[in-house]
Amino acid sequence: MGLEVGKMQNAFQVVVIGGGATGTGILRDLALRGISCLLVEKEGLASGTSGRFHGLLHSGARYAVNDPHAAAECARENAILKRVAKEFVTDVGGYFVATSEVNDDYINKWVAQCSAAGIDIQEMPVKEVLKKEPFLNPTIKRAFLVPDAAIDGFKLVEANVRSAIRLGAKVKTYTRVTGLEIKNGSVQGVYLKNVISGQEEHVPCQVVVNAAGPWADNIAALAGIKLDLIHDKGTLLVFSHRICNKVINQLRPPGDGDIFVPHGNVTIFGTTSVIVNAPDDYQVTSSEVRKLLAEGERIFPGLRERRLIRAFAGVRPIYQSNSVETGRQATRDFSVIDHEQADGLSGLISAVGGKLSTFRLMAQVAADIACKKLGVEQNCLTDVIPYDSYEISNKKKANNYLCQCEMVTTDMLVAAVKGKKYFTFNDVRRLTRLGMGPCQGTFCTFKAAGYYHQKAILTGSKAANLLKEHIQERWKGNRFVLWGDQAQEMEITRSIYLGTLNLARLESEQNGM
């Protein structure tokens, strides 16, 4: 169950672990080189870090002073992705703005470092910037235009997978890796378990690429290898409307609450940096929400009065091989580890660290190492071959909308579950934005459940279960921003689902079936 496309073959050259941007990027890269490959993901695609970030395609300017190598990589990948993945990139541009508190020496150093990293920046008259961004703090003293952009990580991940599948790759979602087969100092296969059906299987392979994000250390541990990862939680806030037209960055040493990203009809603002003990520890706290709002008011006065619809967090997997730095001081560069060289275990590669902005380059490096081990001489093509036209179309038909906030149609709902034996409404949300608008699923989730049941895609019992799960998932992010308009909205949601639809009773009836 889960996403299983095509008949599974007995063995693969490469098994990729992790269904985020890096793992699916590696899958597509390998498939373009003619490598037989399988991707395994323990939940849905983009359910980890790749689905829990601010949606920013970095220009590199944020890292120019503290992390110049990562800055230069971001700058190069920014240009490549705008060319080959333009369907998923909204090239809004960005401003770095400095308040009076920021030292001129730092600003001048930042300008010089951006130039050294190959980042195209242009100083803009403050008056002109304030005309284009009227909610900005009118006391900002300098502003610079940078090539930042917004990127849809959900659709990018799905496009990686669909492109790879068309080239013959296979994908298993909701499937855990329970062990690695190791013989004579070499990885020779993986042991898998479907988390829905409980079915177990063994898949032989020649190479395993560990791209499990913040869970990469757990995968390495299956081979008896210690992988030192820092689990760095970042909290973000979602506003119900666009506060800015371009990405807005605070021009200062990187800190909490620096970035505002316009995404569709909303604005995503963040982030924080808190070291946590485990990759699943992404619980938002009220103090983090208050801290972000206080920081954001430096740039957008009155930010606390604007309507928040959600708070969420993700865990960054930061790898520090030769450093004790953590948090903001830790590099955002990536590492691809050949464990044959590092630990004497042939056939295992780990791709760790990095950012979504550099996922393609990270995938290229990992695929190069895998191909060398397989004796395959084929260059990377992901920097020159554009993505195929995206299949979750935005075709609009009159009276065909199920989600008015995000303009989600019935056609989009059908396309989102194509080829999937099992899915959740979170999987649908990531591809269509169902429930991501101001109502946070209040008026569209029950319609989607009914539609899938009407089309015999879901049984009544399964549709009701998924309905409950999705509303509960939305609540997890809503409950930390319940004041003003959002508190009123949540009372409407409660009335509909616990009152009119009697969801609590529905759950008890299903449990008795």
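Quick caveat: nothing in here was measured; it's all calculated off a predicted structure.

### Some points on the overall build of the chain
When its secondary structure is counted, the chain shows 15 helices and 22 strands. Expected size for 513 residues packed as a compact globule is a radius of gyration near 24 Å; at 23 Å, the chain falls within 12% of this value. When its C-alpha atoms are laid out on the principal axes, the chain stretches across 65 × 60 × 40 Å. A buried classification covers 60% of the 513 residues belonging to the chain. Counted over contacts in the chain with a minimum sequence separation of 6, partners at least 24 positions apart contribute 73%. For the chain, the accessible surface area stands at approximately 20700 Å², while carbon and sulfur atoms represent 49% of it. Side-chain charges of the chain comprise 61 positive and 53 negative groups, with the mean position of each set lying 5 Å from the other.

### Regarding the packing of helix H2 (residues 68-84) against helix H9 (residues 359-374)
With their axes 9 Å apart at the nearest point, H2 and H9 run at an angle of 100° to one another. Taken together, the axes of H2 and H9 lie roughly perpendicular to each other. On the side of H2, the interface is formed by Glu73, Glu77, Ile80 and Leu81, while H9 contributes Phe359, Arg360 and Leu361.

### Some details on the sheet that holds strand S4 (residues 89-90)
Read from one edge of the open sheet, three strands run S3-S8-S4, paired in antiparallel fashion. Edge positions in the sheet fall to strand S3 (56-57) and S4, since each has one partner strand and no second. Where S4 and strand S8 (residues 149-151) come together, two bridges link them in antiparallel fashion. Across the sheet, the residue bridging to valine 89 is isoleucine 151, located in S8.

### Let's talk about a nonpolar patch on the surface
Residues Phe443, Phe446, Ile492 and Leu501 make up a contiguous nonpolar surface patch of about 310 Å² in total accessible area. Its place among the elements puts phenylalanine 446 in helix H12 (residues 445-454). Classification of phenylalanine 446 as partly exposed rests on a relative accessible area of 31%.

### Looking at the pattern of salt bridges
One pass over the structure, following the stated rule, counts 27 salt bridges. When the shortest N-O distance is used, the salt bridge between lysine 132 and glutamate 128 registers 3.4 Å. With lysine 132 and glutamate 128 both in helix H4 (residues 126-132) and four residues apart, the pair spans about one turn of that helix. Look at lysine 132 and you get partly exposed, because its relative accessible area is 42%. The class of glutamate 128 is partly exposed, set by a relative accessible area of 32%. Arginine 162 is paired through a salt bridge with glutamate 158; the nearest N and O atoms lie 2.7 Å apart. Residue arginine 162 and its partner glutamate 158 are located together in helix H5 (residues 153-166), separated by four residues, close to a single helical turn. Judged by its relative accessible area of 10%, arginine 162 falls in the buried class. Residues participating in the shared-partner salt-bridge network are Arg62, Glu101, Arg252, Asp258, Glu295 and Arg298.

### Brief notes about the packing of aromatic side chains
To describe a pair of aromatic rings, you give the distance between the ring centres and the angle between the ring planes. Considering all chains together, one arrives at nine aromatic pairs under this definition. With a centroid separation of 4.1 Å and 10° between ring planes, the pair formed by phenylalanine 260 and phenylalanine 269 is classed as stacked. For phenylalanine 260, a relative accessible area of 0% gives the class buried. For phenylalanine 269, a relative accessible area of 0% puts it in the buried group. Pairing phenylalanine 425 with tyrosine 452 gives two aromatic rings, centres 6.0 Å apart and planes at 35°, and the pair type is tilted. On the criterion of sequence distance, the pair formed by phenylalanine 425 in helix H11 (residues 425-432) and tyrosine 452 in helix H12 is long-range, its members being 27 residues apart. This pair shows no difference in class: phenylalanine 425 is buried, exactly as tyrosine 452 is. Stacked on the ring of tyrosine 387, the Lys or Arg arginine 28 has its end atom at 3.9 Å from the ring centre. Across from the ring centre of tyrosine 95, 5.9 Å away, lies the NZ or CZ of lysine 246, which sits over that ring.

Conventions and cut-offs
- Residues numbered from 1 in each chain as written.
- Predicted model: local features only at pLDDT ≥ 70, side-chain atom pairs only at ≥ 80, totals over all residues.
- Heavy atoms only, no water.
- Helix = DSSP H or I, 4+ residues; strand = E, 2+ residues; numbered from the N terminus.
- Rg over C-alpha atoms; globule rule 2.2 N^0.38 Å.
- Buried < 20%, exposed > 50% of the residue type's maximum accessible area, 1.4 Å probe, protein only.
- Contact = heavy atoms within 4.5 Å.
- Areas by Shrake-Rupley, 256 points an atom, 1.4 Å probe, with all protein chains shown as cover.
- Lys, Arg positive; Asp, Glu negative; His and termini not counted.
- Charge placed at Lys NZ, Arg CZ, Asp CG, Glu CD.
- Axes fitted to C-alpha atoms, helices over the stretch in contact; angles between N-to-C directions.
- Parallel < 35°, antiparallel > 145°, perpendicular 65-115°, else oblique.
- Pairing = 2+ DSSP bridges.
- Patch = residues over 30% accessible without salt bridge, like charges linked within 9 Å, V, L, I, M, F, W, Y side chains within 5 Å.
- Salt bridge = Lys/Arg side-chain N within 4 Å of Asp/Glu carboxyl O.
- Phe/Tyr/Trp six-rings, centres within 6.5 Å; stacked < 30°, edge-to-face > 60°.
- Lys NZ or Arg CZ within 6 Å of the ring centre and 35° of its normal.

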